[in-house]
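Below, each chain spelled out in residue letters.
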Amino acid sequence: MTDLRLLSVREAARRIAERRLSAEALTAAYLDHIEAREAVIGAWQYLDREAALAVARQRDAEPPRGPLHGIPIAVKDLIDTADMPTAYGSPIYREHRPAADASCVALSRAAGAIVLGKTVTTEFATFTPGKTANPRNPAHTPGGSSSGSAAAVADDMAPLAFGTQTAGSVIRPAAYCGCVGYKPSFGLINRAGVKPLADSLDTIGILARNVEDAAFFAGVLSERPALRHLAMPGKAPRFGLYRTPMWDEAEPATAAALDMTREALERAGSAVAELAIAPRHQGLNQVQGTVMGFEMVRALAWERIEHSAELSPRLAQMLDAGLAIGAADYDLALAHAAEARAELDVFFGASDAILVPAAPGEAPAGLGGTGDPVFNRMWTLLGVPCVTLPARSGETGLPTGVQFVGRLGDDARLLACAAFLERALAPPQ
């Protein structure tokens, strides 16, 4: 194999553990590609080639630390790293160096991973974009807020990356850039050391090139053997097809992607049943907006009070809107979300996972925005696991993703269903 970047994470780790591949060679392969592409993509906020190679040489000189030994990863610049700057996408923190690694970074390093650098995030993981372009077409947005992580993985700059999602910040950029995005069940991956935005919603997610890599990484971090050793379903899963109350926002590319996915699943032996719109789901996007608005005003209180001049106009407007949300409205929103969450088992019925849109369509043109999380907000509010993978490429060559949603806490079954779809969509060998 001439290109080491084609190896799966598990296979690369196995070869490094068996001394058939050096961590330095693997890390250098990714760094060389970054050097060739970064001027076009702009995925990285901080990168230190020599520091990464020094860690790789250290990995080669020591016994395997764990299942990620020698594997390069990227870390969204919303997540603390003690040895690298962490700016949270804001000029307020341009010189900030955290005292400690975030939990997910510390656990990754303890398992042997090599942090290549920090990937671009939008401002405090909201909607004001950074410098990153879509690797499939640099004239289009990569989405946000995990823009750098999605672009880096989609362009083969790193096999794995951390993202975070409060509205649609893992699923949407993965769908736009054409990689796998996995937002676990709320709280599956510990959030200590991640800059908060909305405490009831913030979730650490994974960007990867395939479903198994995403499951493996999350399984190592969360000590979930069913994720780490993901098994294909023993029989064809049952799926629900849910167009959601927001279907009017779906563009032709997304409608075609859902149709193509349904046909692929049925050819593979799955039953796909269309689900009626649940009355309780009407208005859940607005509920998510209320929760997010109320909580972000408090999470960014110091920045809003002490550094308002360094906030973008878009974020300033969001904070002003959040200040207008009263505690009574916030409490009602939380109650509404809890009621909808309590009805999920009935909603899922016999379905192992539910097929829904991942984004309105292909990545919009221009780098001034990050697209609309309209098909992500309600699922983040409910805390359920979500995964997106590319389903088709449109006439412009841009990918369109589809999204699977699973039951709360049922992440392994969801990712097994996603692996089933990945195989169903793969071209014949």
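Computed from a predicted structure; not experimentally measured. Sequence positions are assigned chain by chain, starting from 1 and proceeding in written order. Residue-level local features of this predicted model are given only where pLDDT is at least 70; pairs of side-chain atoms are given and counted only at 80 or more, and the full residue set underlies all totals for whole chains, interfaces and linings. Only heavy atoms go into the side-chain values, all of them from the structure, while hydrogens and water stay out.

*Asks:* Outline the overall build of the protein chain, listing residues and values.
*Replies:* Looking only at helices and strands, one finds 16 helices and eleven strands in the protein chain. Taking 2.2 N^0.38 as the reference for a compact globule, 429 residues should give roughly 22 Å; the C-alpha atoms of the protein chain span a radius of gyration of 20 Å, in line with that estimate. Expressed along its principal axes, the backbone C-alpha trace of the protein chain runs to roughly 60 × 60 × 40 Å. Exposed residues in this analysis have more than 50% of their type's maximum accessible area, buried residues have under 20%, and partly exposed residues fall in between, with area computed by a 1.4 Å probe over protein chains only. Burial analysis of the protein chain (429 residues in total) assigns 57% to the buried set. The contacts of the protein chain with a sequence gap of at least 6 include a subset with a gap of at least 24, amounting to 77%. Counting every atom, the protein chain has about 15,900 Å² of accessible surface; 53% of that belongs to carbon and sulfur. Going along the chain from the N terminus, every DSSP run of H or I of four or more residues is numbered as a helix, and every run of E of two or more is numbered as a strand. Computation of the radius of gyration draws on C-alpha atoms alone. For the globule rule, the value is 2.2 Å times the number of residues to the power 0.38. Contacts are assigned to residue pairs that have any heavy atoms within 4.5 Å of one another. Every accessible area reported is derived by Shrake-Rupley at a probe size of 1.4 Å, with residue values counting cover from the shown protein chains alone.

*Asks:* Kindly report on the side chain of threonine 400, identifying the contributing residues and their values.
*Replies:* Relative to the assigned elements, threonine 400 resides in strand S11 (residues 399–405). When sequence neighbours within four positions are dropped, the list of residues in contact with threonine 400 reads Ala175, Ala253, Thr254, Ala257, Glu362, Pro390, Ala391 and Arg392.

*Asks:* I'd like a rundown of a negative patch on the surface, residues and numbers included.
*Replies:* Patch membership needs two things, relative accessible area over 30% and no salt bridge, and members are linked within 9 Å if like-charged or within 5 Å if nonpolar (Val, Leu, Ile, Met, Phe, Trp, Tyr). When a carboxyl oxygen of Asp or Glu is within 4 Å of a side-chain nitrogen of Lys or Arg, the pair counts as a salt bridge. In this charge count, Lys and Arg are treated as positive and Asp and Glu as negative; neither His nor the chain ends contribute. Throughout, a charge is located at the NZ atom of Lys, the CZ atom of Arg, the CG atom of Asp or the CD atom of Glu. A contiguous patch of negative charge, built from Asp248, Glu249, Glu251 and Asp372, is present on the exposed surface. Counting through the fold element by element, glutamate 251 comes out in the loop between strand S7 (238–241) and helix H9 (252–267).

*Asks:* Please provide a residue-by-residue account of the packing of H9 against helix H16 (residues 411–425), values included.
*Replies:* Between two packed helices, what matters for the description is the angle formed by their axes and the separation of those axes. Orientation of H9 relative to H16, taken along the N-to-C sense of each, is 95°, at an axis distance of 9 Å. Classed by the angle they form, the pair H9 and H16 counts as roughly perpendicular. Residue-level inspection shows Thr261, Ala264 and Leu265 of H9 in contact with H16, the latter providing Phe420, Leu421, Ala424 and Leu425. Here an angle of 0 to 180 degrees is reported between the N-to-C directions of two axes, which are lines fitted to C-alpha atoms, with helices fitted over the stretch in contact. Angle categories: roughly parallel below 35 degrees, roughly antiparallel above 145, roughly perpendicular from 65 to 115, and oblique for all the rest.

*Asks:* Could you give an account of the side chain of serine 149, naming the residues involved and the relevant values?
*Replies:* Take serine 149: it is sitting in helix H5 (residues 147–154). On the accessibility criterion, serine 149 (0% relative accessible area) is buried. For the purposes of these results, a polar contact is taken to be a pair of N or O atoms within 3.5 Å, where, inside protein, one atom must be able to donate a hydrogen and its partner to accept one; residues adjacent in sequence count only when each atom of the pair is a side-chain atom. Reaching out from serine 149, the side chain makes a polar contact with the side chain of threonine 119 at a distance of 2.7 Å. Polar contacts involving the side chain of serine 149 include one to the main-chain carbonyl oxygen of phenylalanine 162, which spans 2.7 Å. With sequence-adjacent residues up to four places away left out, serine 149 is seen in contact with Lys76, Thr119, Val120, Ala161, Phe162 and Leu207.

*Asks:* Run through the pairing of strand S4 (residues 160–165), naming residues and quoting values.
*Replies:* Burial within S4 is extensive, with six of its six residues counted as buried. A two-sided burial pattern is seen for S4, the buried positions comprising Leu160, Phe162 and Thr164 on one face and Ala161, Gly163 and Gln165 on the other. Should DSSP find at least two bridges between two strands, the strands are taken to pair. In this structure, S4 lies alongside strand S6 (residues 203–208), joined through six bridges in antiparallel fashion. Each residue of the ladder has a partner; that of leucine 160, found in S6, is alanine 208.

*Asks:* Can you break down helix H3 (residues 49–61) residue by residue, with the values?
*Replies:* Because an α-helix packs 3.6 residues into every turn, residues spaced three or four apart end up facing the same way. The end-to-end C-alpha distance of H3, which contains 13 residues, comes to 19 Å, matching closely the 18 Å that a straight helix rising 1.5 Å per residue would cover. Of the residues making up H3, those classed as buried are Ala52, Leu53, Ala56 and Arg59. The buried residues of H3 occupy one face: seen down the axis, they fall within an arc of 110°. On its buried face, H3 is in contact with helix H2 (23–41), helix H4 (103–110) and strand S3 (114–119). Two or three places before glutamate 50, at the start of H3, stands the capping residue aspartate 48, its side-chain oxygen 3.3 Å from that residue's backbone nitrogen. Here the expected span of a helix is defined as 1.5 Å times the quantity of residues minus one. What the arc describes is the spread of directions from the helix axis to the C-beta atoms.

*Asks:* Tell me what's going on with unusual backbone geometry, and back it up with residues and numbers.
*Replies:* The amide bond that connects glycine 144 to the next residue, serine 145, takes the cis arrangement and shows omega of 5°. Looking at where serine 145 falls in the secondary structure, it is placed in the loop between S3 and H5. Not every positive phi belongs to a glycine, and tyrosine 88 is a case in point at roughly 60°. Within the element layout of this structure, tyrosine 88 appears in the loop between strand S2 (72–76) and H4. You can call tyrosine 88 buried: its relative accessible area is 6%. The phi torsion at glutamate 223 lies on the positive side, around 55°, for a residue other than glycine. Checked against the element boundaries, glutamate 223 lands in the loop between helix H7 (211–222) and helix H8 (225–228).

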